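So you can see what is in the structure, the chains are spelled out below.
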Amino acid sequence: MRVDRSLRVVLAEDSVLLREGLIGLLTRCGHEVVAAVGDAEALLAAVAAHTPDIVVTDVRMPPGLQDEGLRAAVELREKQPALPVLVLSQYVQRTYAAELLDSGDGSGVGYLLKDRVGQIEEFIDALREVADGGTVVDPEVVRQLLRRRRDPLERLTAREREVLALVAQGRSNGAIARDLVVSEAAVGKHIGNILAKLDLPPADETHRRVLAVLAFLRA
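Residues numbered from 1 in each chain as written. Predicted model: local features only at pLDDT ≥ 70, side-chain atom pairs only at ≥ 80, totals over all residues. Heavy atoms only, no water.

The secondary structure content of the protein amounts to 10 helices and six strands. The buried share of the protein, taken over its 219 residues, is 45%. Long-range contacts, defined as pairs at least 24 residues apart, comprise 67% of the intrachain contacts of the protein with a sequence gap of at least 6. As presented, the protein carries roughly 10900 Å² of accessible surface, and 52% of it is formed by carbon and sulfur atoms. (Helix = DSSP H or I, 4+ residues; strand = E, 2+ residues; numbered from the N terminus. Buried < 20%, exposed > 50% of the residue type's maximum accessible area, 1.4 Å probe, protein only. Contact = heavy atoms within 4.5 Å. Areas by Shrake-Rupley, 256 points an atom, 1.4 Å probe, with all protein chains shown as cover.)

In structure tokens form, the structure reads like this:
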């Protein structure tokens, strides 16, 4: 049962105007923002320092403005599976969204899209629901996650699948280029397209190739 109580919130949002607006909104609704930060590293430090009742975080944050906030949320849940986390973002980052929603026992997590929150009460209710161990996920997030889980390779062209199969065999870009009788630059472009279509976030290039191979083997 949801308990209406004052919540201690750590807020992570890189937009200063939105961050200040959320602080004001949460305060007016009776909650305490114990820390408001603008990057993922500060989010991790704030949670360690303040032990909040709930974390509210954006996905794209400095320094890379990619998925730092969501990756930090996943890291927090790995360390503290019972820590409630509500993601509030404009984007669905499918790789880490699925990992976040699978974390712990799946309770105390939420993922809302900023542009689809129609009422203040809707956001506050979601905050309380997640803090009390519930799960609140925007239907659009669910739709995109289900599409990803059906077949992660369905978005690849025939040539991209061919390139990925050769990557899975451990071939270098140069070896793939020789096998397919194309330039090494063309192979690099295909691999870049593959990584983008598989929603693999920017990271170490070798690590991303391994993740792409795993997606190929699971399909």
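Another aspect to go through is the packing of helix α3 (residues 68-79) against helix α4 (residues 94-102). Axis separation between α3 and α4 bottoms out at 9 Å; the angle between their running directions is 25°. When the axes of α3 and α4 are compared, the pair comes out roughly parallel. Like other packed secondary-structure pairs, α3 and α4 cross with a definite hand, here left-handed. Taken together, the residues of α4 that come into contact with α3 (itself represented by L70, R71, A73, V74, R77 and E78) are Y96, A97, E99 and L100. Residue composition of the contact of α3 with α4, by class: six nonpolar, no polar and four charged. (Axes fitted to C-alpha atoms, helices over the stretch in contact; angles between N-to-C directions. Parallel < 35°, antiparallel > 145°, perpendicular 65-115°, else oblique. Left-handed = near helix turned anticlockwise from the far one by under 90°. Nonpolar A, V, L, I, M, F, W, Y, C, P; charged D, E, K, R; others polar.)

Per the stated rule, a full pass over the model turns up zero aromatic pairs. Residue placement shows R60 over the ring face of Y91; its charged tip is 3.6 Å from the ring centre. (Phe/Tyr/Trp six-rings, centres within 6.5 Å; stacked < 30°, edge-to-face > 60°. Lys NZ or Arg CZ within 6 Å of the ring centre and 35° of its normal.)

Right, let's talk about the packing of helix α8 (residues 173-180) against helix α9 (residues 184-197) for a bit. The geometry of α8 relative to α9 is characterised by a closest axis approach of 8 Å and an angle of 110° between their N-to-C directions. It follows that α8 is roughly perpendicular to α9 by the angle criterion. Counted together, N173, G174, I176 and A177 of α8 and E184, V187, G188 and I191 of α9 form the full contact between these two elements. Of the residues belonging to the contact of α8 with α9, the class tally is four nonpolar, three polar and one charged.

All of the buried residues along α8 are G174, A175, I176, A177 and L180. Taken together, the buried residues of α8 touch α7 (158-168) and α9. Backbone geometry just after α8 places V181 at a positive phi near 55°.

Here we come to the environment of D125. Its place among the elements puts D125 in helix α5 (residues 120-131). For D125, a relative accessible area of 34% gives the class partly exposed. Sequence spacing of D125 and V136 is 11 residues, and the spatial spacing of their C-alpha atoms is 9.6 Å.

Here is a general trend for soluble globular proteins: nonpolar side chains tend to be buried in one another's company. Ranked by internal contacts, the top residues of the largest apolar core, which has 31 residues, are V10, L43, V55, L70, L100 and Y111. Mapped onto this core, the elements with two or more residues apiece are β1 (8-12), β2 (32-37), α2 (40-50), α3, β4 (85-89), α4, β5 (109-113) and α6 (139-150). Once you skip the residues sitting within four places of it in the chain, L100 turns out to touch L70, A73, V74, R77, V85, V87 and V109. (Core = buried A, V, L, I, M, F, W, Y, C linked by side-chain atoms within 4.5 Å.)

Note on sheets: strands pair through backbone hydrogen bonds, and any given pair is parallel or antiparallel. Sheet architecture is open: six strands sit in the order β2-β1-β3-β4-β5-β6, paired in parallel fashion. The sheet terminates laterally at β2 and β6 (135-137), the two strands that pair on one side only. Pairs of neighbouring strands in the sheet enclose a mean axial angle of 20°, with direction left out of account. Pairing geometry for strand β3 (residues 54-57) and β4, over three bridges, is parallel. Bridged to V55 within β4 is V85. Where α4 meets the sheet, its contacts fall on β4, β5 and β6, and the angle it forms with β5 comes to roughly 145°. (Pairing = 2+ DSSP bridges.)

Moving on, we get to α9. Residues three or four positions apart in an α-helix share a direction because the helix packs 3.6 residues into each turn. Taking 1.5 Å per residue, 14 residues should reach 20 Å; α9 reaches 20 Å between its end C-alpha atoms and fits that length. Among all positions in α9, only V187, I191, I194 and L195 are buried. Down the axis of α9, the buried set is contained in an arc of 95°. They therefore lie on one face. In this structure, α9 carries A185 and K189 as exposed residues pointing more than 90 degrees from its buried face. A positive phi of about 60° marks D199, the residue just after α9. (Expected span 1.5 Å × (residues − 1). Arc of directions from axis to C-beta.)

Function-wise, these values are silent; they only describe arrangement.
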